[in-house]
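# Coordinates in review
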Amino acid sequence: MDRELTIWLLIFAVGAITYTARLSFIALFARRDMPPLLAEALKHVPVAMLTAIVVPAVVFIGPGILRVDPGNAKLIAALVAGGVAWWKQSAVLTIAVGMGVLWSLRWLMG
Amino acid sequence: MRTHFSRTAFLEGIRDMAPMMLGVIPFGMVCGVGAITAGASPVAALAMSMIMFSGAAQIVATQLLVAGAPFAVILLSCLVVSLRLLMYSATMAPYLRPLDRRWRNLLSFVLTDQAFAGTLQRFKRSDDLRANASYFLGTGVLLWVTWQIATVAGIVAGQVIPASWQLEFVVPLCFLAVLVPLLRDRVSIVVFAVATVTVVALDAMPLRLSMICGGLLGIAAGIFGDKVMGKRG
């Protein structure tokens, strides 16, 4: 198949997939009640999913390279930024401190 | 319920999501560059960002195109990396339920990792549905528009932001700012621990399935934790 045509078909097909996934439960439970177990499970989605996204971005320094020691600048930066997030619930401050620590450590380590 | 637009809340959504853009821009540029590398025309590369509007799906699709994977395999892979959106959809469903259908359909389109993390606190904190929906729309519109601008920048200029700046680290830092304040009860700490161990242990899985598994096992641990340790307050 022609590459350009394939790409356009892919754009609409994947677009349909992402939109359907996004709309799925929002549309499904717009008119009916949610089963209690599902409602129970949903309380834990934010912590579970945010953890599953954040942790790998912090503890892996490259594909498949786990590094949990002070030599991992991202780990130190995330720990300090996490402390900031705990005391001051501010995204701006968390980013500023996190990136500041990351860049400083990079500079110090050469 | 009829929903009217609240301009104030819309602008608050834009303001609160703005810092995240530091991390979103380099990612959008990568997607623009990736689409061109995969043989897309500039128009198709932009359409990819406008319609798919998912960095994870776009990266997977373009990488598999370059690798010459069959069409069905690419679709299936994009479906797998979109599974987390189901969880976001389910979590937002009770909050969006009272809205009218047009609003639900519109807000669903801009439901991304970033919009989910960014609006969560707002929906938990406030009962003003009209303002919350407008706030959500503000975060979503800023993300969508920024995503297109970053894609165009990537198409036109290539990846001009040096990788050594590590700006992509802004995104996990934003999520951290939402995550950490949630870890105030024992059950949530158990969820965090189980998700952490799982996502690290299963890192070798393809298509970042480790993320879905980590999330699901974390949720299961949370349900179990609620039963054992009692309801959290």
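All of these numbers come straight from a predicted model, not from anything done at the bench.

Conventions adopted
- Residues numbered from 1 in each chain as written.
- Chains lettered and ligands numbered in written order.
- Predicted model: local features only at pLDDT ≥ 70, side-chain atom pairs only at ≥ 80, totals over all residues.
- Helix = DSSP H or I, 4+ residues; strand = E, 2+ residues; numbered from the N terminus.
- Buried ≥ 20, exposed ≤ 12 C-beta atoms within 10 Å, placed from the backbone.
- Contact = placed C-beta atoms within 7 Å.
- Rg over C-alpha atoms; globule rule 2.2 N^0.38 Å.
- Domains from an automatic or database assignment.
- Nonpolar A, V, L, I, M, F, W, Y, C, P; charged D, E, K, R; others polar.
- pLDDT = per-residue confidence, 0-100.
- Core = buried A, V, L, I, M, F, W, Y, C linked by C-beta atoms within 7 Å.

We now examine the overall build of chain B. A tally of helices and strands in chain B yields 12 helices and zero strands. Sequence-ordered secondary structure for chain B, helices as α and strands as β, is α-α-α-α-α-α-α-α-α-α-α-α. When each of the 233 residues of chain B is scored for burial, the buried share is 50%. Pairs at least 24 residues apart make up 76% of the contacts formed inside chain B by residues separated by at least 6 positions.

Of the regular secondary structure elements, chain A holds five helices and two strands. When its helices and strands are written in sequence order, chain A yields α-α-α-β-β-α-α. Taking 13 Å as the expected radius of gyration for a compact globule of 110 residues, we find that chain A reaches 21 Å, considerably beyond that expectation. Dimensions of chain A, computed from the C-alpha atoms along their principal axes, are close to 55 × 50 × 25 Å. Taking all 110 residues of chain A together, 39% fall into the buried category. When contacts within chain A are restricted to residue pairs at least 6 apart in sequence, long-range pairs at least 24 apart make up 29% of them.

This part takes up unusual backbone geometry. All names here are of chain B. At Leu207, a position not held by glycine, the phi torsion is positive, near 55 degrees. Here Leu207 lies in the loop between α11 (186–201) and α12 (209–229). Since 16 C-beta atoms lie within 10 Å of it, Leu207 is described here as partly exposed. Phi at Arg208 takes a positive value of approximately 50 degrees, unusual for a residue other than glycine. On the basis of neighbour count, Arg208 is assigned to the buried category, with 21 C-beta atoms found within 10 Å.

The subject of this paragraph is the domain arrangement of chain A. Its domain assignment divides chain A into domain 1 (1–43) and domain 2 (44–110). Its C-alpha centre places domain 1 of chain A at a distance of 30 Å from the equivalent point of domain 2 of chain A.

With that settled, the discussion passes to the interface of chain A and chain B. Between chain A and chain B, the residue contacts involve 63 residues of the former and 71 residues of the latter. Secondary-structure elements contributing two or more residues to the side of chain A that touches chain B are α1 (3–28), α2 (36–42), α3 (45–59), α4 (73–87) and α5 (91–109) of chain A. Ranked by residue count, the leading element in the side of chain A that touches chain B is α1(A), at 21 residues. Split into classes, the residues belonging to the side of chain A that touches chain B amount to 45 nonpolar, 12 polar and six charged.

For the rest of this paragraph, the subject is the environment of B:Ile149. Residue and element names in this part refer to chain B. The residue Ile149 is located in helix α9 (residues 129–157) in this model. A count of 16 C-beta atoms within 10 Å places Ile149 in the partly exposed class. Between the alpha carbons of Ile149 and Ala57 there is a distance of 18 Å; along the sequence they are 92 residues apart.

Our next topic: the confidence of the model for chain B. Looking at chain B as a whole, its pLDDT mean stands at 94, while 97% of the residues score no less than 70. Confidence estimates for the predicted assembly give a pTM of 0.92 and an ipTM of 0.93.

Counting residues in each nonpolar core, the largest one holds 107 residues, and the members touching the most others are A:Leu50, B:Val24, B:Ala61, B:Cys174, B:Phe175, B:Leu176 and B:Val191. For A:Leu50, the contacting residues outside a window of four places in its chain are B:Ala117, B:Phe175, B:Val178 and B:Leu179.

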